[in-house]
Amino acid sequence: MDFENNSWIWEGVYHYPHLFGGIMLTAAVLGLSTSFFGGIGVPSSLAYFWPDLGIFHKRKHGKKRIRVYMDGCFDLMHYGHANALRQAKALGDELVVGVVSDEEIIANKGPPVLSMDERLVLVSGLKWVDEVIANAPYAITEQFMNTLFNEHKIDYIIHGDDPCLLPDGTDAYALAKKAGRYKQIKRTEGVSSTDIVGRILSYVKDTKTHDDHNGSTSLHGERDNTNEAEGEKCQSKGLHLSHFLPTSRRIVQFSNDKGPGPNARVVYIDGAFDLFHAGHVEILKNARQLGDFLLVGIHTDQTVSEHRGAHYPIMHLHERSLSVLACRYVDEVIIGAPWDVTKDMVCKSFSINNFGNEYYSIFLYILLNFSRWQLMMVFTDFY
Ligand code: CTP
């Protein structure tokens, strides 16, 4: 009998197939949404506690861009910071970076070496950074978290996998974690701002010892072999202090992975680029504006030592190369470039025939317009 009572349904399906098709389709879409997202009609006040909401929008419309936020002091910015921001960017589509204020750093860690302005230039110069927020707080407070979510439309807050504790022992990212809007990246081993300050102090100490030895030598009026040994010890010290292991994968991760176009004007600039700073970013930006493709030659540790002194460089060749490669104005680096920029080097080392005449003419432009002496003047500025 039930069957007889429901016969109007089958008659309806037969006479109005489009109408029933539409009803069935709507029901299927609603059912799918409900089962996939755990329910429909989530109150907007729960948005912070809804970690996959961004993914929801992205999948539904196919165009919601995920915005991620990472903060930090970025003092004496190094390739570990750059690698952190590279990983953060990979977790979304747009990376917003909060640069912690001087006052907040002083209160939580002690005084920074670089000023807010210098740190801003360095962070903005990184190829993975889309936006920068100056004077960010050290801890993610409720108020700042609301600003990030509502004004800056941030989907996730990101930090390295090292604990970040406030002076009272609490977690600086506790609120973001509680809101389910926290993601973690892997900290880069072998480098930190503290380590770099340690290297600088160690070099200063060694220089003093070295100078003291030199003083006693002149008193005796003869060359003391121990000085030479001391110098060599100093020169190799930086390499001993660094725990960084360069891998081809890391270089590839930092690389743009594209060469100059057929008619590109290639600009070449070389130097030590030790302790990468705001001045380096500025000169690389200016160099890039001279052409379409910026190739940067990084001098070997030995070359730097020969020209700057046995205690330099502070950062070794691969560390310096990664810092330069992370800069948004740089297209390619030569890891261990020769000191002399000659026509022969241009032809042999950089295969200019592959790049075309423009590349050659830019090189010639550099060679004709700057004598080595002039180039050295420029170099001293960005060494
Ligand atoms: N970071 C990293 N690898 C490093 C150093 C830092 O991944 N070797 C990450 C941190 O985890 C953080 C971000 O870079 O998410 C910014 O770090 P920052 O606040 O500048 O300070 P520290 O974590 O103390 O690192 P450092 O002492 O090197 O400045």
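The name given to the protein chain in an unreviewed UniProt entry is ethanolamine-phosphate cytidylyltransferase, with Vitis rotundifolia as the source organism. Database annotation for the protein chain, UniProt heading Sequence similarities (unreviewed entry): "Belongs to the cytidylyltransferase family."

J.: What's the story with the pairing of strand β6 (residues 266-271) in this structure? I'm lost.
T.: Side-chain positions along a regular strand alternate between the two faces of the sheet. For β6, the buried fraction is high: 6 of the 6 residues fall into the buried class. Residues of β6 alternate between two faces, with V266, Y268 and D270 on one and V267, I269 and G271 on the opposite face, all of them buried. Pairing analysis gives 6 bridges linking β6 to strand β7 (residues 293-299), with the strands arranged parallel. Among the inter-strand pairings, I269 is bridged to a residue of β7, identified as V296. Considered for its hand, the β-α-β crossover made up of β6, helix α13 (residues 278-288) and β7 is right-handed.

J.: Could you clarify how one ought to interpret the sheet that holds β6 in this entry?
T.: Through backbone hydrogen bonds, the strands of a sheet pair up, either in parallel or in antiparallel fashion. Pairing is parallel across the open sheet formed by 3 strands, whose spatial order is β6-β7-β8. Each end of this open sheet is capped by a strand with a single partner; those strands are β6 and β8 (332-337). The mean angle between the axes of side-by-side strands here comes to 20 degrees, regardless of whether they run parallel or antiparallel. Examined bridge by bridge, β7 and β8 share 5 bridges and lie parallel to one another. The partner of V296 across the bridge, within β8, is V333.

J.: Would you explain the site of the ligand in this entry?
T.: Taken together, 19 residues lie near the ligand, and H78, K109, T188, V191 and S193 sit nearest. Contacts to the ligand include T188, whose backbone N or O atom sits 2.9 Å from a nitrogen atom. Contact between the ligand and S193: an oxygen atom at 2.6 Å from a side-chain N or O atom of the residue. In the complex, the protein chains occlude 92% of the 550 Å² of accessible area that the ligand would expose alone. When each cavity is represented as a set of grid points, the ligand is found to reside in the largest pocket. Of all the secondary-structure elements, those providing two or more residues to the shell around the ligand are β1 (67-72), α5 (79-90) and β4 (156-160). Looking at side-chain class alone, the shell around the ligand contains 6 nonpolar, 9 polar and 4 charged residues.

J.: How should I be thinking about empty space enclosed by the protein in this particular structure?
T.: Picture a little ball the size of a water molecule; that probe, rolled over the atoms, points out where space is still empty. Taken as a whole, this structure holds 1 cavity of 30 Å³ or more when the rule is applied. Looking at the largest cavity, its volume works out to about 40 Å³. Looking at the largest cavity, the residues that line it are M77, H78, Y79, A82, L126, F276, S323 and A326. Residue composition of the lining of the largest cavity, by class: 6 nonpolar, 2 polar and no charged.

J.: So what exactly am I meant to see when it comes to the pattern of salt bridges here?
T.: In a structure, side chains of opposite charge can pair up when their charged atoms sit close to one another. Under the counting rule described, the total for this entry stands at 12 salt bridges. Salt-bridge contacts for E94 lead to R65; the nearest nitrogen and oxygen are separated by 2.6 Å. Residue E94 is located in strand β2 (residues 94-100), and its partner R65 is located in the loop between α4 (53-61) and β1; the two are separated by 29 residues in the primary sequence. Using a relative accessible area of 18% as the deciding quantity, one classes E94 as buried. Between R119 and D102 there is a salt bridge; the shortest N-O distance is 2.5 Å. With R119 in helix α7 (residues 116-124) and D102 in helix α6 (residues 102-108), this residue pair connects regions lying 17 residues apart in the sequence. Relative accessible area serves as the criterion here: at 0%, R119 is assigned to the buried category. D102 gets classed as partly exposed once you look at its relative accessible area, which sits at 21%. Residues participating in the shared-partner salt-bridge network are R65, R67, E94 and E131.

J.: What is the right way to look at the sheet that holds β2 in this model?
T.: Pairing is parallel across the open sheet formed by 5 strands, whose spatial order is β3-β2-β1-β4-β5. Edge positions in the sheet fall to β3 (131-136) and β5 (182-185), since each of these pairs with one other strand and no more. Direction aside, the axes of adjacent strands within the sheet are offset by 30 degrees on average. In terms of strand pairing, β2 meets β3 through 4 bridges, oriented parallel. Within the sheet, the bridge partner assigned to V100 lies in β3 and is A136. Against the sheet, helix α8 (residues 142-151) makes contact with β1, β3 and β4, and its axis sits at roughly 120 degrees relative to β4, the strand it touches most.

Procedures and definitions
- Residues numbered from 1 in each chain as written.
- Predicted model: local features only at pLDDT ≥ 70, side-chain atom pairs only at ≥ 80, totals over all residues.
- Heavy atoms only, no water.
- UniProt positions renumbered as here; feature names shortened; annotations may be inferred.
- Buried < 20%, exposed > 50% of the residue type's maximum accessible area, 1.4 Å probe, protein only.
- Helix = DSSP H or I, 4+ residues; strand = E, 2+ residues; numbered from the N terminus.
- Pairing = 2+ DSSP bridges.
- Right-handed = clockwise from strand over helix to strand, strands pointing away.
- Axes fitted to C-alpha atoms, helices over the stretch in contact; angles between N-to-C directions.
- Near = heavy atom within 4 Å.
- Polar contact = N/O pair within 3.5 Å; in protein donor to acceptor, adjacent residues only side chain to side chain.
- Areas by Shrake-Rupley, 256 points an atom, 1.4 Å probe, with all protein chains shown as cover.
- 1 Å grid on protein atoms, 1.4 Å probe; cavity = no way out; pocket = protein on both sides within 12 Å on 5 of 7 lines; lining within 4 Å.
- Sits in = over half its atoms within 2 Å of the grid points.
- Nonpolar A, V, L, I, M, F, W, Y, C, P; charged D, E, K, R; others polar.
- Points joined across faces, edges and corners; volume = space filled by probe spheres on them.
- Salt bridge = Lys/Arg side-chain N within 4 Å of Asp/Glu carboxyl O.
- Contact = heavy atoms within 4.5 Å.

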